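A structural walkthrough
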Amino acid sequence: MCVGGDQMSKIKRIEQLIPLDRIFLHHENPRHEPYETQAQVIEWLCSNEEVPQLARDITQHGLSPLDRFGVVRDHDTDGDDATYIAAEGNRRVCALKLLT
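So, a few notes on the structure that sits alongside this text. (Residues numbered from 1 in each chain as written. Predicted model: local features only at pLDDT ≥ 70, side-chain atom pairs only at ≥ 80, totals over all residues. Heavy atoms only, no water.)

Right, let's talk about the pairing of strand E3 (residues 84-88) for a bit. Pairing analysis gives two bridges linking strand E1 (residues 23-24) to E3, with the strands arranged parallel. Within the sheet, the bridge partner assigned to phenylalanine 24 lies in E3 and is isoleucine 85. Sheet analysis places strand E2 (residues 70-73) next to E3, joined by four bridges and oriented antiparallel. Paired with glycine 70 across the two strands is glutamate 88, which belongs to E3. (Pairing = 2+ DSSP bridges. Helix = DSSP H or I, 4+ residues; strand = E, 2+ residues; numbered from the N terminus.)

Evaluated as defined, the whole model comprises zero aromatic pairs. Positioned above the aromatic ring of phenylalanine 69 is the side chain of arginine 92, whose terminal nitrogen or guanidinium carbon lies 4.6 Å from the ring centre. The lysine or arginine in question, lysine 97, covers the ring of phenylalanine 24, its NZ or CZ lying 5.3 Å from the ring centre. (Phe/Tyr/Trp six-rings, centres within 6.5 Å; stacked < 30°, edge-to-face > 60°. Lys NZ or Arg CZ within 6 Å of the ring centre and 35° of its normal.)

To summarise the sheet geometry, strands pair through backbone hydrogen bonds and adopt either a parallel or an antiparallel arrangement. The strand order across the open sheet built from three strands is E1-E3-E2, with neighbouring strands paired in mixed fashion. At either end of the open sheet lies a strand with only one pairing partner, and these are E1 and E2. In the packing of helix H4 (residues 90-99) onto the sheet, the strands contacted are E1 and E3, and the crossing angle to E3 comes to about 130°. (Contact = heavy atoms within 4.5 Å. Axes fitted to C-alpha atoms, helices over the stretch in contact; angles between N-to-C directions.)

Now for the side chain of threonine 77. Note on placement: threonine 77 falls in the loop between E2 and E3. A distance of 2.8 Å separates the side chain of threonine 77 from the backbone nitrogen of threonine 83, its partner in a polar contact. Discounting residues that sit within four places of it in the chain, threonine 77 has contacts with Ala82 and Thr83. (Polar contact = N/O pair within 3.5 Å; in protein donor to acceptor, adjacent residues only side chain to side chain.)

Looking now at the pattern of salt bridges. Under the definition given, this model contains one salt bridge. For the salt bridge of glutamate 49 with arginine 31, the shortest nitrogen-to-oxygen distance reads 2.7 Å. Of this pair, glutamate 49 sits in the loop between helix H2 (38-48) and helix H3 (51-61) while arginine 31 sits in the loop between E1 and H2, and the two are 18 residues apart along the sequence. The buried category is assigned to glutamate 49, whose relative accessible area is 19%. (Salt bridge = Lys/Arg side-chain N within 4 Å of Asp/Glu carboxyl O. Buried < 20%, exposed > 50% of the residue type's maximum accessible area, 1.4 Å probe, protein only.)

Here's what the structure looks like:
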C-alpha cells in the first residue's frame, strides 16, 4: 500500500521500548486464517513459519539492530496499561515469547 499526501501527515511514528509482555500477536495476520487466541497463533506460527528455528538463531546470534517491530496500540487499552498488536515482526515476537 502506498501512502502519500494528506494521509502521510496523519501517520504518527514513535520509536520506544515496549515490554514484550505488552505486545501480542496479530490474530488476523494476513499470513494465516483468523484465530481466537494467542496460543492458536503461536501453534500455527511454530508449525508453518519455522519459529523454533528462528528462536534458536536468536539465542545464538541475537536480533539484528536493523530489524524493527511494527506495533499498533490496542485501542481498548491506554496509558501505562496500554498493550500493542504486532503488525510487523509476528514471527520474531513469537520466537521471543517462546524464549521467555
